[in-house]
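Working through the structure, step by step
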Amino acid sequence: MKNLVWIQGLTCNGNSHSFLSINDTMLDVFLSNINILYHPMLTSEMEFKDVYKLLLSGKESLNFLVVEGAVNTKKDEVFFQGFDVFEILNNLKDKSDYILAVGNCACYGNFPALYNENVKGLQYRFKDKGGFLGEDFKTKSGYPIINITGCPAHPEWIVRTILSLNFGYDIKLDNLNRPKDFYMYLAHDGCIRNEYFEWKVEAHEFGTKEGCLFYELGCRGPLTHSPCNKILWNEKSSKTRSGMPCIGCTEFDFPLRSKYFETKTNIGIPEEVPLGVTKRAYIMLSGVAKTFTNQRLNKKLEDTD
Amino acid sequence: MRVQKIVLNRVEGDVNLKLCWDQNGKISDAYVVAYNYRGFERILQGKDLLDALVINPRICGICGHAHLMATVNAIENLYKNSSIDIEITEKAKLIKQITLCSEIVQNHLKWFYLFVIPDFLNFFPSLETEKFKPFVGEKWKKALKFSSEIVKVIAIFGGQWPHTSYAIPGGITSEPLKTDIVDALSIVDRLIKYVEEEIFGMSYEDYLNVKDLEEFLSKSKGGDLTTFIDFCVKTGLDKEGQSYEHFITVSTVYPCINEGVIKKKKCKLNLKKIKEVKDFNILYNKETGYTYANGVRYDGLPMQTGPLARRLTSETELFLNLYRLYKDSYLVRVWARVDEILRILINMKDWLLKINVNEKSYIKPKDYKKLYGEAFGYVEASRGSLIHKVKVEKGVIKSYNIITPTMWNLGSRCNKFKSPAEKAVLGLEDPLKAQMVLRSFDVCSVCLTH
């Protein structure tokens, strides 16, 4: 079995709890394939200092190093189990087959990076490459830091990525080092409000099943790389399915934005349009769509045929 | 005097315990030390008021939903303080309470099985205790399965857990169907069965009538709580780990939690008596500071908050009796958390059945950009009383102050008093027990330093 060690920097523990919300089938498969040598919330037999010693001496191999939380490029700022995270990472970076940054803090710095300029993600600080480990860093396997973004990351994105690597598959990464298998989708894909999006029928306020949240309520679904509506949360739902706009939490700029529940517009047109479409084409398309009336979409959903 | 530094495993976040040992081999002083400050209160300054709905859940990965609710409450109170109408339907109130309580159940289950019981593997290694072993034990796996189940209730109404912001001033974003409510009901029902069968070993009706420890043990057909009580009695932890006899609950969750304060006797809560102390926080005091957390005092006194405080301020007979005999020992503190799982689940079922889907989910309030002034949001979170205070000008945050439950229980000391957790480990002779007593407060350094 391959060894996994999970460490934490500046974090809310949200990714650990997301991971623990995995369904029991996936958990069983995961635990029977991967040996969790250390996780700060779970391990009871060994302390980190003993695991760390085994890794440093090479007595145990380190296949997967999972990092949750932002890190600091200065020493003596962020601690994990009595050790400086700065040192842990420098000592383990060349010993790990794969390093996974799990969650937006470990990937891009996220909220903690807003407070402190020395706080960074592992290979990025927001959009800038060259986080803690520098621009060109690669692990033993030849992969850069694999970013499983999200605030938090979905448990299946984490578990399936690790299992894919464990089973020997190559995984394709996008330009922000995220596995394509997950991040080639948009939050928009699979949204149950898509019919409203197509016909440009807007939701003007919250608390209804009808209307698209993109035009007025700040939804980032058509601009956010994430399979939230393909691989549902807690196997039940997603933000947009429950009427909450997508806040774009899998993207580097998530904490840099403001007014998450409003769509910034210019003369009534969204400042940012869906990915892959030019603004001009989008305006034309919207105009055309609005000239048609889809009777279905003007009624309460319960009253439609 | 010998000083020992211990790094805690199996807690939320990173916490150190500095223990001072006297010549008789007993703990004479203790410091709870937390680093990894993230600066949320400062990040919030200058932000648009509604952005706090997205930012604040990120303070904590396990009680982020409680932070969301505290934020919403604070903003809704801003409206009320400014005499601007804000209307929230009964339906929205019930659903917010249901999702908040789902998070509490999730927390207590994980905490009892993943954090607390594995300690006893050190005392009683056997085939029986192996069931509780992390990663392999069937009881460990089952607890994790059911904690994942109950958060599905949050997902049904709020889209996801952790970290949704579906609750907003004026209500909630979702408009659930009747079948969504049935979906949630079936999850809660299954959880109740699990808790009856595996934890308490008796029906919930029987458990709610139990008045003391003997009666519990005689009526229970055997469950994990019975095993746990047995472990505690054998190790002396039924009597160890006592702290100050002061308790606080700042918010009522009708009908299972009542607000109140206990000093010598129970008295009425006066929120104006709550003060933060910063004398030993490194951020404000480089010389005397030893942690990145403030402490909190009520009327100058340290207070315990959390499930045991809630049971005592709610005057639950079983806990009044347990407290009389064992005080706030390790056993009683842990039992109160486990007890709350069942009490809350039963009420969740009732609340779910009370939802009227024909009511509105959300009633748009007047523009928040007109808001001025300050307001508090009070919430009962898993670990105890959570307070948010926001100051606003024209819908922009001027200052944001957060008092978390862990600051009450484990925050820094003041010149007169140690924190309740620091006090609770005094006199112990075993460093493992000191860790266990600390864990009985359900440590969350993430919230502690935020």
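Residues numbered from 1 in each chain as written. Chains lettered and ligands numbered in written order. Predicted model: local features only at pLDDT ≥ 70, side-chain atom pairs only at ≥ 80, totals over all residues. Heavy atoms only, no water.

**Quick word on the UniProt feature "binding site: Mg(2+)" (unreviewed entry) in chain B**
Residue and element names in this part refer to chain B. UniProt's feature table lists "binding site: Mg(2+)" (unreviewed entry) at Glu 41, Ile 402 and His 450, given in the numbering used throughout. Of the residues just listed, which span 410 residues, no C-alpha pair is farther apart than 8.6 Å, and they cluster in one region. Setting aside residues no more than four positions away along its own chain, Glu 41 makes contact with Tyr 400, Asn 401, Ile 402 and His 450. Along the polypeptide, Ile 402 turns up in strand β14 (residues 396–403). With a relative accessible area of 0%, Ile 402 lands in the buried category. Setting aside residues up to four positions removed in sequence, Ile 402 forms contacts with Glu 41, Leu 44, Ile 59, His 67, Glu 276, Leu 386, Ile 387, His 388, Met 407 and His 450. (UniProt positions renumbered as here; feature names shortened; annotations may be inferred. Contact = heavy atoms within 4.5 Å. Helix = DSSP H or I, 4+ residues; strand = E, 2+ residues; numbered from the N terminus. Buried < 20%, exposed > 50% of the residue type's maximum accessible area, 1.4 Å probe, protein only.)

**Some thoughts on the packing of aromatic side chains**
All names here are of chain B. Tallying each qualifying case throughout the model produces 49 aromatic pairs over all chains. Centroid distance Phe 146 to Tyr 194: 4.1 Å. Interplanar angle 15°. Geometry classified as stacked. Highlighted residues: Phe 146 in helix α6 (residues 138–158) and Tyr 194 in helix α7 (residues 178–200), separated in sequence by 48 residues. Across the pair, Tyr 194 and Phe 146 agree in class, each one buried. Ring geometry for Phe 228 versus Tyr 330: centroids 5.9 Å apart, planes at 35°, classification tilted. Of this pair, Phe 228 sits in helix α10 (residues 224–235) while Tyr 330 is found in helix α13 (residues 330–354), placing the two residues 102 residues apart along the sequence. The exposure class of Tyr 330 is buried, given its relative accessible area of 1%. Chaining the aromatic ring pairs together yields one cluster made of Phe 112, Tyr 113, Phe 120, Phe 123, Phe 124, Phe 132, Phe 228, Phe 231 and Tyr 330. (Phe/Tyr/Trp six-rings, centres within 6.5 Å; stacked < 30°, edge-to-face > 60°.)

**Brief notes about α6 of chain B**
Residues and elements named next belong to chain B. For α6, with 21 residues, the first-to-last C-alpha span of 30 Å sits near the 30 Å given by 1.5 Å per residue. Where burial is concerned, most of α6 is hidden: 16 out of the 21 residues are buried. Positioned one or two residues after α6, Gly 159 has a phi angle of 95°, which is positive. (Expected span 1.5 Å × (residues − 1).)

**Examining the nonpolar core**
With 215 residues, the main nonpolar core has Phe 157, Trp 335 and Met 348 of chain B as its most contacted residues. Dropping the residues within four chain positions of it, Trp 335 of chain B is found in contact with Tyr 207, Leu 213, Phe 216, Leu 225, Ile 229, Leu 318, Phe 319 and Leu 322 of chain B. One finds Leu 62, Ala 70, Val 71 and Leu 133 of chain A within the second-largest nonpolar core, a separate group that totals 37 residues. (Core = buried A, V, L, I, M, F, W, Y, C linked by side-chain atoms within 4.5 Å.)

**Describing the interface of chain A and chain B**
The interface is formed by 63 residues belonging to chain A together with 71 residues belonging to chain B. Linking chain A with chain B are eight salt bridges, by the criterion used here. For Asp 183 of chain B, the salt bridge is made with Lys 236 of chain A, and the minimal N-O distance between the two is 2.9 Å. At the boundary of chain A with chain B, the tally comes to 28 residue pairs in polar contact (both at pLDDT 80 or more). Listing elements by their share of the side of chain A that touches chain B, those giving two or more residues are α1 (14–20), α2 (24–33), β2 (34–38), β5 (79–80) and α6 (110–115) of chain A. (Salt bridge = Lys/Arg side-chain N within 4 Å of Asp/Glu carboxyl O. Polar contact = N/O pair within 3.5 Å; in protein donor to acceptor, adjacent residues only side chain to side chain.)

**Some thoughts on the pattern of salt bridges**
Overall, the coordinates contain 50 salt bridges over all chains when judged by the stated rule. Lys 152 of chain B serves as the salt-bridge partner of Glu 235 of chain A, at 3.1 Å between the closest nitrogen and oxygen. Of this pair, Glu 235 of chain A sits in the loop between α9 (194–198) and β12 (265–266) while Lys 152 of chain B sits in helix α6, on two different chains. Residue classification places Glu 235 of chain A among the partly exposed positions, given a relative accessible area of 43%. Lys 152 of chain B sits in the buried class, given a relative accessible area of 11%. Salt-bridge contacts for Lys 219 of chain B lead to Glu 215 of chain B; the nearest nitrogen and oxygen are separated by 2.8 Å. Remark: Glu 215 of chain B and Lys 219 of chain B occur in helix α9 (residues 213–219); sequence separation between them is four residues, near one turn of the helix. In this structure, a network of salt bridges that share partners links the residues Lys 209, Glu 210, Lys 300 and Glu 302 of chain A together with Glu 175 of chain B.

**Comments concerning the packing of helix α12 (residues 317–326) of chain B against α13 of chain B**
Residue and element names in this part refer to chain B. Relative to each other, α12 and α13 sit at 170°, their axes nearing to 11 Å. As judged from the angle between their axes, α12 and α13 are roughly antiparallel. Across the interface between the two elements, Leu 318, Phe 319, Leu 322 and Tyr 326 from α12 touch Val 332, Trp 335, Ala 336 and Asp 339 from α13. (Axes fitted to C-alpha atoms, helices over the stretch in contact; angles between N-to-C directions. Parallel < 35°, antiparallel > 145°, perpendicular 65-115°, else oblique.)

**Quick word on the pairing of strand β13 (residues 384–393) of chain B**
Residue and element names in this part refer to chain B. With respect to burial, β13 is a largely interior element, seven of its ten residues being buried. Of the pairings in the sheet, the one linking strand β12 (residues 372–381) to β13 comprises ten bridges and is antiparallel in character. Bridging across to β13, Ala 375 finds its partner in Val 390. Remark: two residues form the turn of the hairpin made by β12 and β13, two consecutive strands paired antiparallel. For β13 and β14, the ladder comprises seven bridges, and the chain directions are antiparallel. (Pairing = 2+ DSSP bridges.)

**A short note on the sheet that holds strand β11 (residues 146–148) of chain A**
Residue and element names in this part refer to chain A. Strand order in the open sheet formed by five strands is β2-β1-β3-β7-β11, and the pairing between neighbours is parallel. Each end of this open sheet is capped by a strand with a single partner; those strands are β2 and β11. Going across the sheet, the axis of each strand differs from the next one's by a mean of 25°, ignoring polarity. Pairing between strand β1 (residues 2–8) and β2: four bridges, direction parallel. Note that in β2 the partner of Lys 2 across the bridge is Ile 34. Contacts between helix α4 (residues 85–92) and the sheet are confined to β1, β3 (62–68) and β7 (96–102), with β3 contributing the most and set at about 150° to the helix.

**Details of the side chain of Asp 442 of chain B**
Residues and elements named next belong to chain B. Note that Asp 442 resides in the loop between α16 (431–439) and α17 (445–449). Under the relative-accessibility criterion, Asp 442 is labelled buried at 0%. Here Asn 107 takes part through its side chain, which lies 2.8 Å from a polar atom of the side chain of Asp 442. Residues contacting Asp 442, with those up to four places away along its chain left out, are Asn 107, Trp 111, Arg 337, Arg 383 and Thr 406.

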